[in-house]
Every structure is written in C-alpha cells, then in structure tokens.
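# Architecture at a glance
If you want the building blocks of each chain, they are given just below.
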Amino acid sequence: MEATILHNCETSAPFDVRRGVRQGCVLAPTLFGIFFSVLLKVAFGDDLQGIHLYTRADGQMYNLARLKSKRHRKDFFVDSLLFADDAAFVAHSESQLQTIMDKFQKACDLFSMSVNAKKTVILAQGCSEQPTIVLNGAPLEVISKFCYLGSLVSCNLSLDAEIDSRIGKAATTFGRLRTRAWDNKHLTGGETGLGKWAPRAKLPGARSYAAAVADHERGILYVVGGWAGGRSLKAVHRYDPATDSWSDARPLTTGRSQCCAVSWRGSLWALGGCDAWRCLASTELLSLEDPEAGWTPGPMLPSARRSMGGCAWRGRLVVAGGSDGAASLRRVDWLLPGAEPAGGTWQAGPPLRRARAGLGLAELGGALYAAGGFSGREFLACVEWLPAPDAEWTMLADPPVVARTLSEPNPPSESPPPVCRMLSEQHPPAGADRPEENGQNEASAHI
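Cut-offs and rules
- Residues numbered from 1 in each chain as written.
- Predicted model: local features only at pLDDT ≥ 70, side-chain atom pairs only at ≥ 80, totals over all residues.
- Heavy atoms only, no water.
- Patch = residues over 30% accessible without salt bridge, like charges linked within 9 Å, V, L, I, M, F, W, Y side chains within 5 Å.
- Areas by Shrake-Rupley, 256 points an atom, 1.4 Å probe, with all protein chains shown as cover.
- Salt bridge = Lys/Arg side-chain N within 4 Å of Asp/Glu carboxyl O.
- Helix = DSSP H or I, 4+ residues; strand = E, 2+ residues; numbered from the N terminus.
- Axes fitted to C-alpha atoms, helices over the stretch in contact; angles between N-to-C directions.
- Parallel < 35°, antiparallel > 145°, perpendicular 65-115°, else oblique.
- Left-handed = near helix turned anticlockwise from the far one by under 90°.
- Contact = heavy atoms within 4.5 Å.
- Nonpolar A, V, L, I, M, F, W, Y, C, P; charged D, E, K, R; others polar.
- Buried < 20%, exposed > 50% of the residue type's maximum accessible area, 1.4 Å probe, protein only.
- Pairing = 2+ DSSP bridges.
- pLDDT = per-residue confidence, 0-100.
- Polar contact = N/O pair within 3.5 Å; in protein donor to acceptor, adjacent residues only side chain to side chain.
- Disulfide = S-S within 2.5 Å.

## A word on a nonpolar patch on the surface
On the surface, a nonpolar cluster with roughly 750 Å² of combined accessible area is contributed by Val 21, Val 26, Leu 27, Leu 31, Ile 34, Val 38, Val 42 and Leu 110. Note on placement: Val 42 falls in helix α1 (residues 27–44).

In structure tokens, the structure reads:
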C-alpha cells in the first residue's frame, strides 16, 4: 500500500505504508472510517442497487395507502448499513445482492482487504426460498435470525424472538438481584424508592387522635397526647430512627387528644385539643434543648378548639381551622415571637375560604397550604393556599370527582359550593400561566 502527504497544497511523492497505527490508538476509528467510506465509493460509485424507503411526516404514518402519493412522501435510498467496522448490505432481490457482493469483493481486493467468509451471513426476509449468495466461489451461510446492534432480526418479519430475548435478559438481571436486593432484609421500600411502607418499632401504647412532630435538628420524632381507654392522654413518647426504639418523654401537664403539635423556635408546642369532653384553649411547650425540664404554659389561644392544622411559617406559629365542638372553623391565628420562648401575642390572620376541621396544614415554597378536612356537613377535597401573611386564601382548583362503584346510583345533578368552584385563574399563583410500500422480497448480507 502506498500513501502521500498533502502539505501547503503540495503532494509528496508516494511511499510504501509498512506499519499501521498501534492497537488502541485514538486515530484508528477515524482513519478506518475514512478508509472504508472511500472503499465503498470505489465499489459502488453512483450505483442505485439497494432499497427505497418511503415516509411521510404529515400524520397517519400507519396508513400505507398515503405512501403511494409521490407529492408528499420522501424517498430515501439505502444500500448499506454501517456501524464501526460492521457493514450490512440490503437489496430487494437475490440477483441485486449478488451484484453488490461482487462489487464489494472487487473493491476489497483493490484496497488489500479481505472479507471473513465465516463471519459473513445471509438473512432473507419474506422469501419463499433461501437465496444462494457466493463470495470468492464459496456459498455464504443462510440464517433465520441475526443479532444486529443488540436487536434480533428474524427472517419471518416477526418480533417474537426479539421480545423473548429482552424478557429473558430482564428475568436474568432480576434473578441476579434476588440476594442483593429483593431478599435483602436491610433494604426497605422507602429507602430504595419503591414506595412501600416499612414496619418500625411499635408505640408503647395504642392510641388515637395523637399529634406527631419531628425535631429535624436532632433527628427525633415525638408523639404527643392522644385518646385511649376513654380519656385524653398526657403521655409523650420519643422515637429514635437510628436505634428503632421508643422512649418516654416528659408528660403533658394536661391530657390532650386532637391537639396540634409544632416544632418552633427550639421548642415543641402542644396547642389546643380537648380533654375528656371540652375543647381547650391552653398551650404548653417543651424545650428541645432541655427536654427533661418539662412542659411550661404558653400563651392561650384566642378561642378553644380542637382538630386544627398547625405549622411554622415565615417566623410565626400558625394554627388554622379546627372545631369549637359545635362547628368547623375558618379562623386562622398566628403567634409572633416574643422576648421569651413562651411569650408572644396571638394575632388573627386571613380566614380560610372553607370551614375545615381535621385539615392538613403545611408550608411549601414560602406559601401556606390547607388541604382537605371536614366542613361540618361533608369531607372536603379542595385545597387553598396563602402566598403571604397580608394576602387572602385562594382556592387552587375544583376538587377531584370521587370514583363510584357500578352499583351506586348516579347522584343528583348538583353544583358544588361556589367557593369550591372558584378557579385559580381569579387569584393565580406567582408565575402561573392563564388558560387562554411495496411487496418485493428483500435479502441482506452482514459482514
């Protein structure tokens, strides 16, 4: 093999190439790509022996009748499929494929390349008889399926073999994970993102209507009060996820069920609730830095209530909704910080649009959200939000329709309450947008 060097528009005298690039050289794929493209151009030139692909990009791609229109369709000619050092030649007939192979073999001889007949096979699709393709006087092997770029191509134009292969590979991979993942007791659904609840140590005692709050700084979960044995409980329990164990914390000074618990300004707050039969307006707090010091009284709520939502928001302690024992409330109050941990003054905030007891109250992205609850007549699905302390609550969207079984009769046509029909377009959140071919047989060769 001879080569020349082009430098400053001048070509050197030809010289013999006696050594190629070393194995692993980064230039090898680039040089081979250039070399092979020139080889194919010499072999076929402007010859149009191959297959034509017709396509349209104006919809209804599976309507084959639309491909007969030459006005809108695009015609692509393909004579070879190349990937790295592999080449697959395609043709509509046995004679065309034999012509392509003869031309390719002749070009390889000119470029001092050899074709490995053992790795060259024929795959015929849609043919009633197996083709006979000859390379250097020897017939090439005809196969029924071939793995090309990781996918199985079959002679019967079916994807069954490809699907079975992928299912088998997936089953093998899942089987290899049985010991390390599926049967590993140290992995749980929550930790691996599989969405499954994992059991933890049981509470020291069964109860209902208890409040729970997390001390994120110390990684501790508190369960406060509750109802058991016909009475409201003073018991407070502490859970440590590191050891999966519960311990007793200092009890409340007043038994409380349906109370609200919030971690705010380094203290654990227990707000409102009810004792045996009465709603409470009292509050008490426990220092998280010195929990053994016990609970101390906090500022009284503006009104006695239970089943309200509570959270810390924008430097203030917020309680919303709830029930006074006779009706669900729209009332929202917040406590601004004072000089002492137990100090401060409750102030009235903007009322909720719907009266809610047993609601969920949470802060997200600087806004306050109130979700669900009981209005006194029905359970609620609507959600409202408060973007700022001086703003008004806004209904996010209509509540979703509750699914009914086939045995249930259709409910009477009744419009939802006006407040639940209010859409967020009236008071949209910041940044929200307003709505305003042919049947010829085919054969291919892979080298």
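More follows now that the structure is in view.
## Topic: the packing of α1 against helix α2 (residues 94–110)
It is at 8 Å that the axes of α1 and α2 come closest, and there the two elements cross at 125°. It follows from the interaxial angle that α1 and α2 lie oblique. Between α1 and α2 lies a crossing of right-handed hand. Contacts between α1 and α2 pair Phe 36, Leu 39, Leu 40, Val 42, Ala 43 and Phe 44 from the former with Ile 100, Lys 103, Phe 104, Ala 107, Cys 108 and Leu 110 from the latter. Among the residues making up the contact of α1 with α2, the classes are represented as 11 nonpolar, no polar and one charged.

## Re the pairing of strand β23 (residues 283–287)
Where burial is concerned, most of β23 is hidden: four out of the five residues are buried. Examined bridge by bridge, strand β22 (residues 267–271) and β23 share five bridges and lie antiparallel to one another. Across the sheet, the residue bridging to Ala 270 is Glu 284, located in β23. Across four bridges, β23 lies against strand β24 (residues 295–298) in antiparallel orientation. Pairing of Glu 284 across the sheet is with Pro 297, part of β24.

## Remarks on the sheet that holds β24
Ordered by their spatial adjacency, four strands build an open sheet running β21-β22-β23-β24, and the pairing between neighbours is antiparallel. Each edge of the open sheet is held by one strand with a lone partner, namely β21 (260–264) and β24. Across the sheet, the axes of successive neighbouring strands diverge by a mean angle of 30°, strand direction being ignored.

## Some words on the confidence of the model for the chain
For the chain, mean pLDDT is 82; residues scoring 70 or higher make up 84% of the total. The lowest-confidence element of the chain is strand β33 (residues 442–446), averaging 44 in pLDDT; the highest-confidence one is strand β16 (residues 220–224), averaging 96. Note that residues 399–447 has pLDDT below 50 and, in this model, 88 contacts with residues that lie over four places away or in other chains.

## Concerning the environment of Glu 94
Summarising the element assignment, Glu 94 is placed in helix α2. A relative accessible area of 37% places Glu 94 in the partly exposed class. Those residues within four positions of Glu 94 in sequence are excluded, and the remaining contacts are Pro 131, Thr 132 and Ile 133. Of the polar contacts made by the side chain of Glu 94, one reaches the backbone nitrogen of Thr 132; its length is 2.9 Å.

## Quick look at the sheet that holds strand β25 (residues 309–313)
Strand order in the open sheet made by the four strands is β25-β26-β27-β28, with antiparallel pairing throughout. This sheet does not close on itself; its edge strands, each paired only once, are β25 and β28 (345–348). Between one strand and the next, the sheet's axes are offset by a mean angle of 25°, whatever the strand orientation. Pairing between strand β27 (residues 332–336) and β28: four bridges, direction antiparallel. In the strand pairing of β28, Trp 334 is matched with Gln 347.

## Thoughts on the state of the cysteines
Inspection of every chain in the model, using the stated rule, returns zero disulfides. Free of any disulfide, Cys 274 has its nearest neighbouring cysteine sulfur in Cys 279, separated by 5.9 Å.

## Remarks on the side chain of Gln 258
On the secondary structure map, Gln 258 appears in the loop between β20 (245–249) and β21. Note on Gln 258: relative accessible area 17%, which makes it buried. Within the structure, the side chain of Gln 258 is placed 2.7 Å from the side chain of Ser 307, a separation counted as a polar contact.

## Observations concerning the environment of Arg 356
With respect to the helices and strands, Arg 356 occurs in the loop between β28 and β29 (360–364). Taking the C-alpha atoms as reference points, Arg 356 and Met 308, 48 residues apart in sequence, are found 8.0 Å from one another. One polar contact links the side chain of Arg 356 to the main-chain carbonyl oxygen of Cys 382, over a distance of 3.0 Å.

## Comments concerning the pattern of salt bridges
Under the definition given, this model contains 10 salt bridges. Glu 162 serves as the salt-bridge partner of Arg 166, at 2.3 Å between the closest nitrogen and oxygen. In this pair, Arg 166 and Glu 162 both sit in helix α3 (residues 160–176), four residues apart, roughly one turn of the helix. Within the structure, one salt-bridge network assembled from shared partners comprises Asp 215, Glu 217 and Arg 218.

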